[in-house]
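A look at the structure
Take a look at the letters that make up each chain.
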Amino acid sequence: MSEGKGAEVVLRLDRITKRFGALTANDAVSLTLRRGEVVALLGENGAGKTTLMNILFGHYVADEGSVEAFGQPLPPGNPRAALQAGVGMVHQHFTLAGNLTVLENIRLGTEGLWSRGHGGARAKVERLSRDFGLAVHPDAKVGRLSVGERQRVEILKALYRDARILILDEPTAVLTPQESEALFATLRKATALGLSVIFISHKLHEVMAIADRCVVLRHGRVVGEVDTHATDKGALAALMVGGELSLPRAEARAPGAVLMKLDSVSTPDRGAAPGLKKVTLDLRAGQITGLAGVSGNGQAALAEIIGGLALPAEGTILLKNAPVTGWSPGEALARGVARIPEDRHHQGSIADFDLTENAVLEAYRSRFSRRGWMNWRAAREFAETIIAGYDVRCPGPETRIRLLSGGNMQKLILGRAMAGGPETGGPEIILANQPVRGLDVGAIAYVQSQLIAARDRGSSVLLISEDLDEIMGLSDVIHVMSQGRLSPGFARGTMTAAELGLWMAGQKFGDRDAA
Amino acid sequence: MRLEAIANPSAVRRLGLPALALVLTMGVAMALALVAGANPLAVLGQIATGALGSKLAILETLNRATPLIFTGLAVAVAFRAKLWNIGAEAQLYAGAIVAVVLGTGALGSPLVLPVSAAVAMLAGALLLLGPVLLKTRLGVDEVVTTLLLNFIMLLFVSYLLEGPMKDPGGMGWPKSTPLIPEARLPRIVEGLRLHWGFALAILAAVVVWVIQTRTTLGFEIRAVGQNPEAARFAGMPVNAVLVKTALLSGGLAALAGWSEVAGLKGHLSSDLSPGFGYTGIIVAMLALLHPLGVILTAIFVAGIFVGSDAMSRAAGVPTYIADMLMATALLFMVLAILLTRVRVVRG
Amino acid sequence: MNAVVDILISASFWAAVIRIASPLILATMGELICERAGVLNLGIEGIMVIGAFAGWMAVYQGLPLWGGVAVAMAAGMLFGLLHSTLTVPFGLSQHVVGLGVTLLATSSASFAYRLMLPEVTSPPKIAPFQPLHVPGLSDLPWLGEALSQTALTWAAFAMAGLVAFMLYRTPLGLAVRAVGENPAAVEAQGLSVTGLRMGAVIAGSGLMAVGGAFLTLSAFSSFFFEMVNGRGWICIALVVFGAWRPGKAVLGAILFAAFDALQIRLQQTPLGAALPYQLFLALPFILSILALILMSRRAEVPAALMVPYNKGER
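What counts and what doesn't
Residues numbered from 1 in each chain as written. Chains lettered and ligands numbered in written order. Predicted model: local features only at pLDDT ≥ 70, side-chain atom pairs only at ≥ 80, totals over all residues. Helix = DSSP H or I, 4+ residues; strand = E, 2+ residues; numbered from the N terminus. Rg over C-alpha atoms; globule rule 2.2 N^0.38 Å. Buried ≥ 20, exposed ≤ 12 C-beta atoms within 10 Å, placed from the backbone. Contact = placed C-beta atoms within 7 Å. Nonpolar A, V, L, I, M, F, W, Y, C, P; charged D, E, K, R; others polar. pLDDT = per-residue confidence, 0-100. Pairing = 2+ DSSP bridges. Axes fitted to C-alpha atoms, helices over the stretch in contact; angles between N-to-C directions. Left-handed = near helix turned anticlockwise from the far one by under 90°. Right-handed = clockwise from strand over helix to strand, strands pointing away. Core = buried A, V, L, I, M, F, W, Y, C linked by C-beta atoms within 7 Å. Domains from an automatic or database assignment.

Remarks on the overall build of chain C
Summing up its helical and strand segments, chain C has 14 helices and 0 strands in all. Here the C-alpha atoms of chain C give a radius of gyration of 20 Å, agreeing with the 20 Å that 2.2 N^0.38 yields for 314 residues. Overall, the C-alpha framework of chain C stretches about 65 × 50 × 45 Å when taken along its three principal axes. Burial statistics for chain C: of 314 residues in total, 56% are counted as buried. Of the contacts made within chain C by residues no fewer than 6 positions apart, 79% connect residues no fewer than 24 positions apart.

Pasting the structure below:
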C-alpha cells in the first residue's frame, strides 16, 4: 500500500514549537508525510498531538517552525489554508451540525457564502461514498445517525473537499473492533488511490495494523520515528511512556454477597443513544465488575440508574435484596453508592468553587451542617484530609478547582467518593465511570490502585471503560454492553479481546432480544 | 481573537477594571453633556450636588435608594442561581397592592404592618413561582415569561385603580384610597424625611448575605447557579433550590413596592415605580451580585437619578441622561468583570 | 357569536390583521436570524424603540420615508453591533447584555427626543406611508380592501420570504443554521464563527429597527415613548411559537395579530363593554405566555442558542 521512501513528500512540519505559558506543548516537532503512506502519530494524552494538529489547521499559531503542504508553505493562523491545500481532518469530537442533513453538512463551507451555491454536490457525494465504501444516505438528518455513520460523514466531508491528506484523530475510540476494520479498509482504498493519512492514536495494536511508519511524541517532543514492520508493540509502548508500563493488575478474589442488583431494568431510548434493554446485573462485595463496550451503547443510561440520576422505566433496583424507593442521587449516596462521574469537569466538580466547597458537595447536608447552617471549619478540615490522604497537589483548600490538573481534580473526587457511605464507614458500591480518561500515567496507576484497594476492603466496584485493556486488567467479572443490552458476566481470563469485540459489535447477542 | 483564563488575577486587575468601567461611564456622561450643549464638568458637578449637596438631597437619595435595595437584592439572589428574574417590576406592584388591600382598614394596629409585609412578600413570591415552575417543569424561558408578566401586572394595577381600589376623593387621578395612619411606616428620626423602609432594606441585605455565606441554602443557590448538572449529580434538589430562590427573590421585590406605599407615598398609583424593577438589575450587576454591595450601588444609582433630576432643571440636559448612564455602566461593568478573569489573546 | 362572525368576515378586519402583523413579522424575522445563529437578542424591545424614533425623526427632519427606513435600520444595526461585540467575541451573558442594550436604546431614544424637541408637549406628526394601489388587485371586491396596505407591509412579507430563502436555499443560510447548532462545525470548515454570529445579530437588529419604524412611519405617524409597549418581547415568544422557522413564525404573527384585531373590535361590542378594557389589552401578553407553554415540549431549539463559543476551549 505504500509507494515507498521514494514517493513525493506531501506534508512537512518543520521544527514546530508552541508554548502555553510555562508549558511547552510542542518542542521542535518535525514530521514528514509521503504520498500513499499512513503515518501514525502516537502518544499519550497530553503528549502534544492535538496541539500539533491545531497548528497545522491554523487554529493555533506556532511560536516557531513552519508547515509546508505539497511544496507550498501554509500561512499560519488561517484555518482555510490547510483545507484549500488539500488537508482534511476528522476530529475526535465530530464537527457536524445535527439539525442539517448529511449533504448539507458536507456542503457547508465549500461554496462562497454570498453565492447561490452550485449543483452537482449530490452526485459527487454519491460517487465518493461508492468509491471509498462509505455508505450513508445524503438526505438523512445527521442528528439521527449512529456514531459510526457520523464518522463516515466526516471522512466524506474531507474527500468532498478533494483532500489529498487525511488526518484522523483517535478515529477508533468510538468504534467496535469490527467497525474499525471497515474503517481500515476505507483507508487502504484511499492510500491505493494516492491519498496520504496521518492516524493519531494511542492504541498500539491499531497502529501496528494500519500504519507504515510511526512517529512517537512524549511531553511535546518527538522521541522516536520507526517503520512499523521493524518494531513491535513493546518497543512502541516503551517509547510512548518513557519506561516500562507498570499499571496495576488486580489479582482474583472470591466474590462476596450481592450488594446491588438490577432486575430486568429498561429505560427509554434518547435520540440516537439506546436506553437499557432488560438489563440484569449483580454487583457483589469484594469484586470489580468491568463494563466494556463502545461508548454510546447504554453505559450512560446504566450509570444514571446506579448513580440515582434516573429511574428505570421497567424493572427494579435492589439494594441487599430490598427494592429501593425514592431513588435519587442523594438517596444513592446515603445508601453507600459512591460515584466517580464520567465528566469530572461538568458533573464531578464546580469549576469556580474552591476545593473545600467541592469536597463537601455531596455530604454538606449530612455531615457539614446543622439545622441549615454550614460548618465551614469542619468542611475545611475535611478538604485538608482528602488533600493529604489522596496526594492532591494544590496550594491549599481555598484554591478554585478549575486551576487543578485533571489528575489532581480526579484525586479530590476520588477522595470525596471514598469518604462517603452510611455513617462514613466507606462506600459499599463504587461506580467508576471512565475514571482514568485523560489522566497521565502516574495518576492512572494511582486511581486504579485505589479502586483495587477498595475492592480488597470489601466494596463492590463497577468499572465502566471504553479501554478493553483497562477492563481486562482490573475486572474480576466482565460484562459487555451493546445497543443497551448486557452480556452475561465472564469471569476473569475466560475471554479474549477478540471474543469481547464480537460481543461489543452485538453479534453474540442471540435473537432473544431481536423483537 | 480568543479569550484565555487568567489563573490568578492581580488585585490591580480585579479592582482597577471595575473602577475603569465607572470612569468610562463618567466619560460618557461628559460626552452626552457636550452633545446637549452643556459644560461637561458643570453637569457632573450638578449631578453630584443634586444627589449629595444638602441634607434634603441626601435624604431624597436614600429614599430613592430604598426600593432599589430591595429590587437589587431580589435580582442578586435570583441571578446568583442563574434564575433570570426580570419580573421584579411586577412583583413590586404585587407588594404594593397588598399594602393597600390590608392597609386601608382591613387590619388595625399593631398587626397591620408586620402582617401586610409578610403577605406582600408572599404575593411577590407567588408571582414568581409561576414562571419558575414553567421553567423547571416545561423548560419555558423565565426571562420572557417574567417580562410579559410585568405588562400584565401594570394593566391589572390600572384596572384596580379605575375600579375596585379607586380613590373617591382622587379628583379623577387614577390612585388608590390612602392608607390608614396605622399602616404607614414611621420615619426613622422625627422631622427627617426618611422612613423605616430604608432600615428594613439594610436589614434585608444583611439577612441575604448571611443566607448566602452561612447556610446550606446559600451553598445550594451558588452551586445551582454555577453548575446545575454537578449540583444535581451531587444530590442537590436543583428544582427545589430554584423554587426557594424564586420565593426569596419575589418576596424581596415585593417589599420594594410595599415600602414605597407604606413608607413614602401612602397610596398606590400606576406611576409608583419608574422602572425600579429593571433598575434593580443594574444595581445588582454593579454590586457583582454581592448583597452588601447592593446597598452601596443602590445609593449610587439613586444618587445619579436624583442628581440628574436636579441637574436637568439647572443645565437643561434631559433627565434621561441618568437612564443612559446606568445602561452604559451596566455594559461597561459586565465587560470589566469578564476581563478581570480572562485576557484577550491573538490566535 | 354573530358579532364575532361578522367581524371575522369583514375585509377591514383582515386589513387590520395584516397591518398589525407587519411590524411583528419584521422584528420576529430579525430575532429569528439572531437565534438561528445562536444568539438570543433581548435588545429587541429597545432596538424597536430606537428604530421607531430614528425613522420618524429622520423623516421629520426632511428625509423621504424610505430614507427614514434606512436611518432606522442603520440605528438598529449600530445597537446590533454593540450587542454582538459583547456577546460573541467576549461571550458575555446574552441575558444581561440584551437587557442592557434595551435599556440603553430606549433611554437613548428618550434622551434624543427631549434634546431635539425640548419644548413640545405633543409629538409632531409626519406624513406616513399610504396604502399602495396595486393595479388589478386593489379593484377586487373584499380582497382589494383587505390588501389595501402600505409599501412597508408588502416589504415585511417580502422580507419574510427572503429570510426563508436565505436560510434554506443559500450557502450563507446553511452556515447560519450550522453556527447556531454547532459552531465547531463551522470553525472546522474555516468559516468565522464570530463573523457569522455578529453578522446575524447586526442584520437581525436592523430588521427589528425597521419593525419599530413601521409603527411611526406606517401605523401611527408619530412617536410616543411607550409605543413599542412589549411588542419586542412578544416577538421573542413568536420565534419560539414558530419553532425557529420563518414560515411558521409568520403564521404565528398573523394569528397573533388576528387576536389583537379581534379584541379591539370586541371591546366595542356589548360583551366587550361589560369587561374591563385592561383585560383586552393584556390579551396579547397572556397569549404569548400560552404560546410559550404550548410549544415548550416540541420546539426544536438551536442547540448552541445562548452558548458562547471560544475557540480556545475544548
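Quick word on the overall build of chain B
Counting secondary structure elements, chain B contains 13 helices and 2 strands. Over its C-alpha atoms chain B spans a radius of gyration of 21 Å, differing by no more than 12% from the 20 Å that the globule rule assigns to 347 residues. Dimensions of chain B along its principal axes, counting C-alpha atoms only, are 70 × 60 × 35 Å. Across chain B, every contact between residues at least 6 apart in sequence was considered, and the portion connecting residues at least 24 apart equals 76%.

Thoughts on the interface of chain B and chain C
On the side of chain C, 39 residues touch chain B, which itself brings 39 residues to the contact. At the level of elements, β1 (2-5), α5 (112-138), α6 (142-162), α11 (276-286) and α13 (321-341) of chain B are the ones that each hand at least two residues to the side of chain B that touches chain C. By residue class, the composition of the side of chain B that touches chain C is 31 nonpolar, 5 polar and 3 charged.

Observations regarding the confidence of the model for chain C
When the pLDDT values of chain C are averaged, the result is 92; 98% of them are 70 or greater. Scored by ipTM, the complex comes to 0.93, with pTM at 0.90.

Describing the sheet that holds strand β10 (residues 221-227) of chain A
What holds strands together in a sheet is hydrogen bonding between their backbones, with the strands either parallel or antiparallel. Residues and elements named next belong to chain A. Strands sit in the order β6-β7-β8-β3-β9-β10 across an open sheet of 6 strands; the sheet is mixed. Each edge of the open sheet carries a strand with a single partner, namely β6 (87-90) and β10. The sheet shows a mean angle of 20° between the axes of neighbouring strands, direction not considered. The pairing of β6 with strand β7 (residues 165-169) spans 4 bridges and is parallel. What sits directly across from Val 90, in β7, is Leu 168. Across the sheet, helix α6 (residues 177-192) touches β3 (38-42), β7 and β8 (196-201), and the angle it forms with β8 is around 150°.

Digging into the packing of helix α3 (residues 44-60) of chain C against helix α4 (residues 65-87) of chain C
Residue and element names in this part refer to chain C. Between α3 and α4, the shortest axis-to-axis distance is 7 Å and the interhelical angle comes to 145°. Crossing geometry of α3 relative to α4 is assigned as right-handed. The residues of α4 that touch α3, namely those facing Ile 47, Ile 50, Gly 51, Ala 54, Gly 55, Trp 56, Ala 58 and Val 59, are Leu 65, Gly 67, Gly 68, Val 69, Val 71, Ala 72, Ala 75, Gly 76 and Phe 79. In terms of residue class, the contact of α3 with α4 is built from 12 nonpolar, 5 polar and no charged.

Some points on the pairing of strand β12 (residues 279-284) of chain A
All names here are of chain A. By the alternation rule, side chains of β12 split into Val 279, Leu 281 and Leu 283, which are all buried, and Thr 280, Asp 282 and Arg 284, of which none is buried. Bridge count for strand β11 (residues 258-266) against β12 is 5 bridges, and the pairing is antiparallel. Residue Leu 262 lies in a different strand from β12, and its bridge partner there is Leu 281.

Digging into the interface of chain C and chain A
With 18 residues of chain C in contact, the opposing surface of chain A contributes 22 residues. Mapped by element, the contributors of at least two residues to the side of chain C that touches chain A are α8 (171-181) and α9 (183-188) of chain C. In terms of residue count, the dominant contributor to the side of chain C that touches chain A is α8 of chain C (7 residues). Considering only residue class, the side of chain C that touches chain A consists of 10 nonpolar, 4 polar and 4 charged.

Here's the deal with the sheet that holds strand β4 (residues 64-69) of chain A
Residue and element names in this part refer to chain A. What the 4 strands build is an open sheet, ordered β2-β1-β4-β5; its pairing is antiparallel. Each edge of the sheet is formed by a strand with only one pairing partner; in this case those strands are β2 (23-34) and β5 (72-73). As paired strands, strand β1 (residues 9-20) and β4 are joined by 5 bridges and run antiparallel to one another. Counted as the bridge partner of Arg 12 is Glu 68 from β4. Sheet strands touched by helix α1 (residues 49-56): β1, β2 and β4. Its angle to β1, the strand with the most contacts, is close to 115°.

Section: the pairing of strand β19 (residues 429-433) of chain A
Residues and elements named next belong to chain A. Of all 5 residues making up β19, 5 are buried, and the element is well covered by its neighbours. What you see with β19 is no split at all: Ile 429, Leu 431 and Asn 433 on one side and Ile 430 and Ala 432 on the other are buried throughout. Direction of pairing for β19 relative to strand β20 (residues 460-464): parallel, over a ladder of 5 bridges. Its bridge partner being in β20, Asn 433 is matched across the sheet by Ile 464. The handedness of the β19 to β20 crossover, carried by helix α14 (residues 441-456), is right-handed.

Comments concerning the packing of helix α1 (residues 11-35) of chain B against helix α2 (residues 40-52) of chain B
All names here are of chain B. Contact pair α1 / α2: the axes reach a minimum separation of 8 Å and the direction vectors enclose 115°. Seen along the crossing, α1 lies across α2 with a hand that is right-handed. Contacts between α1 and α2 pair Met 26, Ala 29, Met 30, Ala 33 and Leu 34 from the former with Pro 40, Val 43 and Leu 44 from the latter. Across the contact of α1 with α2, the residue classes break down as 8 nonpolar, no polar and no charged.

Quick word on helix α9 (residues 299-307) of chain A
Residues and elements named next belong to chain A. Of all 9 residues in α9, 7 are buried, a share of seventy percent or more. Residues of α9 that are buried include every one of Gln 299, Ala 301, Leu 302, Ala 303, Ile 305, Ile 306 and Gly 307, and no others. Once α9 ends, the next one or two residues include Gly 308, with phi positive near 90°.

Quick look at unusual backbone geometry
A positive phi angle is found at Ser 221 of chain C, which is not glycine, with a value near 65°. Mapped onto the secondary structure, Ser 221 of chain C falls in the loop between α10 (193-219) and α11 (231-241).

A closer look at α11 of chain B
All names here are of chain B. Counting buried residues along α11, 11 of its 11 residues qualify, which places the element largely inside the surrounding structure. For α11, the full list of buried residues reads Phe 276, Gly 277, Tyr 278, Thr 279, Gly 280, Ile 281, Ile 282, Val 283, Ala 284, Met 285 and Leu 286. Immediately beyond the C-terminal end of α11, within one or two residues, lies Leu 288, with a positive phi of roughly 55°.

Re the nonpolar core
Within the largest apolar cluster, 388 residues are counted, with the highest numbers of intra-cluster contacts made by Leu 73 of chain B together with Phe 53 of chain C. It is α10 of chain C that contributes the most residues to this core, 16 residues altogether. Both of domain 1 (9-86 + 164-241) and domain 2 (262-513) of chain A provide at least three residues apiece to this core. In contact with Leu 73 of chain B, not counting residues within four places along its chain, are Ala 204, Ala 205, Val 208, Leu 252, Pro 291 and Val 294 of chain B.

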